[in-house]
Amino acid sequence: MKLENVKAVKMGSRLGIAFSKYPFPKGNLVQIIILKENVQKTFLAKFNRIIAIRRGMENSLNLKHNELLILEIQEIINLDRTKELFQEGKIDMLSLISQTTSKGYKIIVTSFTLNNEDWLRIWYSHERGSGQQLEIRRFVEIGEFGSLLGQYQAEGTKHKNANKFNLEFTNKIIPEHQEFIDFLSKLGIPKEACEFRFTYNPNRLSEEETINHVKNFETIIGCKAKISQGNSKGIGFRTVIRNTILTEIVLNSLDKIRNLLANESRYTCNQQELANNFLAKLLTGDGTLDVRCNRRDFPELHMKIVDQDLNYLKDYCTILRNNGFKTRINEGRICVISSCSFKGLLYLYRIKAFKNSNSWNKLLTAIALCSRGRRYYTYSRFLELANYDKFGTSVISKGFQMQSNMASDWLNNKVKEDLIVKNNYNSWSLTSEGKNLSETLKSWSKDYTTLTNLKGFENPFALLETLKVKKYKKIKCLSKECP
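Residues numbered from 1 in each chain as written. Predicted model: local features only at pLDDT ≥ 70, side-chain atom pairs only at ≥ 80, totals over all residues. Heavy atoms only, no water.

Visitor: Lay out the overall build of the protein chain in plain terms, naming residues and giving numbers.
Guide: Looking only at helices and strands, the protein chain has 14 helices and 23 strands in total. By principal-axis analysis of the C-alpha atoms, the protein chain measures approximately 95 × 60 × 45 Å. Expressed as a percentage of the 483 residues in the protein chain, the buried residues total 48%. Of the contacts made within the protein chain by residues no fewer than 6 positions apart, 64% connect residues no fewer than 24 positions apart. For the protein chain, the exposed surface amounts to about 25600 Å²; the carbon and sulfur share of it is 46%. (Helix = DSSP H or I, 4+ residues; strand = E, 2+ residues; numbered from the N terminus. Buried < 20%, exposed > 50% of the residue type's maximum accessible area, 1.4 Å probe, protein only. Contact = heavy atoms within 4.5 Å. Areas by Shrake-Rupley, 256 points an atom, 1.4 Å probe, with all protein chains shown as cover.)

Written as structure tokens, this is what we have:
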């Protein structure tokens, strides 16, 4: 239904739409489009004789009191929620939107198309008013959404005493905020919807250092950040989005997906991609990697995730076990502790766990230390074997200076590990697992070389000493990987 010459009226400090008659029954759900100079804005409402216009739409359209408006208005139906989380290799956000808010208010969802993409328009109301409207993409990439949830699980405000009106992400590492904003934009949330704050303890940071950190943040992020003092031991930046529905969706998604990953013993391809990205960012935020060398100079590896919520720890424990780690919970120290094999290190590197943190540098160094050991050093041969479509024992014996019978034994052992396959007599090739190993080692080699050049140490034992975090009063690095 199209209506012309509908007057914008005063409603206190806001504007509203006044209807001379009731084209729809009072209380019915309607969609209203305001048209002005080839620009249109859409919002959802419960029909009444006078309906308030959203403040953001009022400002963006520059509406004035007594201005005559052109409207398109129609009744809508609340979309049924889908039960399937995955649709054609993507996350269906409609499956993660609850029927009501945590306070029991009904959530209304409609669909629309923008730039050939499916979008969702989401809104809720209560007796005293209504919430801010939200528009998000319906289908999002599994990895990107998994990373967003992993970040928020580690560094977001999510407990029962959290402010349900705000989505708050706190981290001292600036690239983590840049990624958080990027993931939100893929969901459909623009950077302009975010507020940024820098909190610091004046006893730990001077005024000059504070200004430098904030300037660095504003240069990288491209937005202004407010400065406030706090009593915490550390310092950090905070990204805040004031939207109740978005907060409800993220918190609901966290619970559903974390429980899904914890309750499934064998993952599908989509679930594995979700688990990889969720776990990688969870470890970056709340995890640490401890690398120590014993008397035989072989690394002892332990991974830890700290969280005050025991239920979260139980879920982390199960998710890590599902991905090949041996874990246990230490309730006294509120953490999950896991040993870490060479295979586990390669998995962590492959999913980019600990990226942007000091533990990432430890991870690179730990792989180098393991590669020097008697048990794992032969895996470096896969870097060379990647250059061959097929190879025989002569390639192994000549290339790695070993006898033919030893080369044959090594090849047969790698067949058992499903890294190499025998085609026919004296003809071998890499399996898909072997190719993945080769690509992983090749990528790691480049990252490790970059790290050694940066630190000025080629020996991994000496390099490890430089990566041990020492307690000091002032934090020097926020925008790059911690030294």
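Visitor: Lay out the pattern of salt bridges in plain terms, naming residues and giving numbers.
Guide: All told, the structure shown has 15 salt bridges when counted by the stated rule. Between Glu67 and Lys36 there is a salt bridge, with the nearest N and O atoms lying 3.0 Å from each other. In this pair, Glu67 sits in the loop between helix H1 (55-60) and strand E6 (68-75) while Lys36 sits in strand E3 (residues 29-36), placing the two residues 31 residues apart along the sequence. In terms of burial, Glu67 and Lys36 fall into one category: buried. The salt bridge involving Glu141 is made with Lys90; its shortest N-O contact spans 3.5 Å. One end of the pair, Glu141, is in strand E13 (residues 139-141); the other, Lys90, is in strand E8 (residues 90-92), and 51 residues separate them in sequence. With a relative accessible area of 35%, Glu141 lands in the partly exposed category. Taken together, the shared-partner salt bridges in this structure form one network comprising Glu176, Glu179 and Lys281. (Salt bridge = Lys/Arg side-chain N within 4 Å of Asp/Glu carboxyl O.)

Visitor: Could you give me a rundown of the sheet that holds strand E7 (residues 86-87), with the residues and numbers involved?
Guide: Taken together, three strands build an open sheet; the order of strands is E7-E8-E13 and the sheet is antiparallel. Bordering the open sheet on either side are E7 and E13, each of which pairs with just one other strand. Pairing of E7 with E8 involves two bridges; the strand directions are antiparallel. The partner of Phe86 across the bridge, within E8, is Ile91. Helix H2 (residues 142-155) contacts E7, E8 and E13 of the sheet and is inclined by roughly 80 degrees relative to E13. (Pairing = 2+ DSSP bridges. Axes fitted to C-alpha atoms, helices over the stretch in contact; angles between N-to-C directions.)

Visitor: So, the side chain of Asn243: which residues are in play, and what are the values?
Guide: Counting through the fold element by element, Asn243 comes out in the loop between strand E17 (236-242) and helix H5 (244-263). The exposure class assigned to Asn243 is buried, which follows from its relative accessible area of 5%. Among the polar contacts listed, one links the side chain of Asn243 to the backbone nitrogen of Ile245, at a separation of 3.1 Å. Excluding anything up to four places from it in sequence, Asn243 contacts Gln132, Gln133, Leu134 and Phe165. (Polar contact = N/O pair within 3.5 Å; in protein donor to acceptor, adjacent residues only side chain to side chain.)

Visitor: Residue-level account of the packing of aromatic side chains, with values.
Guide: This structure, assessed with the given rule, holds 19 aromatic pairs. Between Tyr376 and Tyr379, the ring centres sit 6.1 Å apart and the planes meet at 35 degrees, which makes this aromatic pair tilted. In this pair, the class of Tyr376 matches that of Tyr379, namely buried. With a centroid separation of 5.4 Å and an interplanar angle of 20 degrees, the aromatic rings of Trp444 and Tyr448 are classed as stacked. (Phe/Tyr/Trp six-rings, centres within 6.5 Å; stacked < 30°, edge-to-face > 60°.)

Visitor: Talk me through unusual backbone geometry; I want residue IDs and the actual numbers.
Guide: Of note in this structure, Lys352 is not a glycine but carries a positive phi near 65 degrees. Take Lys352: it is sitting in the loop between helix H8 (342-350) and helix H9 (358-372). Lys352 sits in the partly exposed class, given a relative accessible area of 33%. With a phi angle near 70 degrees, Phe354 is a residue other than glycine that sits in the positive phi range.

Visitor: Can you explain the pairing of strand E10 (residues 117-126)? Please cite residues and give values.
Guide: Within a regular beta strand, the side chains point alternately toward one face of the sheet and then the other, so they alternate between its two faces. Of all 10 residues in E10, seven are buried, a share of seventy percent or more. Direction of pairing for strand E9 (residues 107-114) relative to E10: antiparallel, over a ladder of eight bridges. Residue Val109 lies in a different strand from E10, and its bridge partner there is Ile122. The hairpin formed by E9 and E10 contains two residues between the paired strands, and Asn115 there has a positive phi angle of roughly 50 degrees. Inspection of the sheet shows E10 paired to strand E12 (residues 134-137) by four bridges, in the antiparallel sense. Directly across from Arg121, in E12, lies its bridge partner Glu135.

Visitor: Kindly report on helix H14 (residues 460-467), identifying the contributing residues and their values.
Guide: Along H14, the positions that sit buried rather than exposed are Pro460, Leu463, Leu464 and Leu467. Along the axis of H14, the buried residues cluster in a sector spanning 105 degrees; they form a single face. Capping the start of H14, Asn459 holds a side-chain oxygen 2.7 Å from the backbone nitrogen of Phe461, two or three residues further along. (Arc of directions from axis to C-beta.)

Visitor: Describe the nonpolar core, naming the residues involved and giving the relevant values.
Guide: Soluble globular proteins tend to bury their nonpolar side chains together. If you look at the biggest cluster of nonpolar residues, it comprises 113 residues, and the most contacted ones within it are Ile91, Met93, Ile122 and Leu348. Ranked by residues supplied to this core, first place goes to H5 with nine residues. Not counting chain neighbours up to four residues away, the residues in contact with Ile122 comprise Ile97, Ile107, Ile108, Val109, Gln132, Gln133, Leu134, Ile136, Ile245 and Ile249. Formed by 20 residues, the second largest nonpolar core is a distinct cluster that contains Ala8, Ile32, Leu61 and Leu69. (Core = buried A, V, L, I, M, F, W, Y, C linked by side-chain atoms within 4.5 Å.)

Visitor: I'd like a description of the sheet that holds E17, backed by residues and values.
Guide: Strand order in the open sheet formed by four strands is E14-E17-E15-E16, and the pairing between neighbours is mixed. Strands at the two margins of the open sheet, each flanked by one partner only, are strand E14 (166-171) and strand E16 (226-229). The sheet shows a mean angle of 25 degrees between the axes of neighbouring strands, taken without regard to direction. Helix-sheet contacts for helix H3 (residues 174-187) involve E14, strand E15 (194-200) and E17, and the interaxial angle to E14 is about 150 degrees.

Visitor: Break down the pairing of strand E4 (residues 39-46) for me, with residues and values.
Guide: In the sheet, E3 pairs with E4 via eight bridges, with the strands oriented antiparallel. Residue Gln31 lies in a different strand from E4, and its bridge partner there is Leu44. Counting the residues between successive antiparallel strands, the hairpin from E3 to E4 contains two residues, one of them, Glu37, with a positive phi of roughly 50 degrees.

Visitor: Give a description of the packing of H5 against helix H7 (residues 310-322) that names residues and reports values.
Guide: Packing of H5 against H7 leaves a shortest axis separation of 8 Å and a crossing angle of 50 degrees. Between H5 and H7, the interaxial angle falls into the category oblique. Relative to H7, the crossing made by H5 is left-handed. Listed contacts from H7 to Arg258, Asn259, Leu261 and Ala262 of H5 are Tyr312, Asp315, Tyr316, Thr318, Ile319 and Asn322. Split into classes, the residues belonging to the contact of H5 with H7 amount to five nonpolar, three polar and two charged. (Parallel < 35°, antiparallel > 145°, perpendicular 65-115°, else oblique. Left-handed = near helix turned anticlockwise from the far one by under 90°. Nonpolar A, V, L, I, M, F, W, Y, C, P; charged D, E, K, R; others polar.)

Honestly, it's all geometry; don't read function into it.
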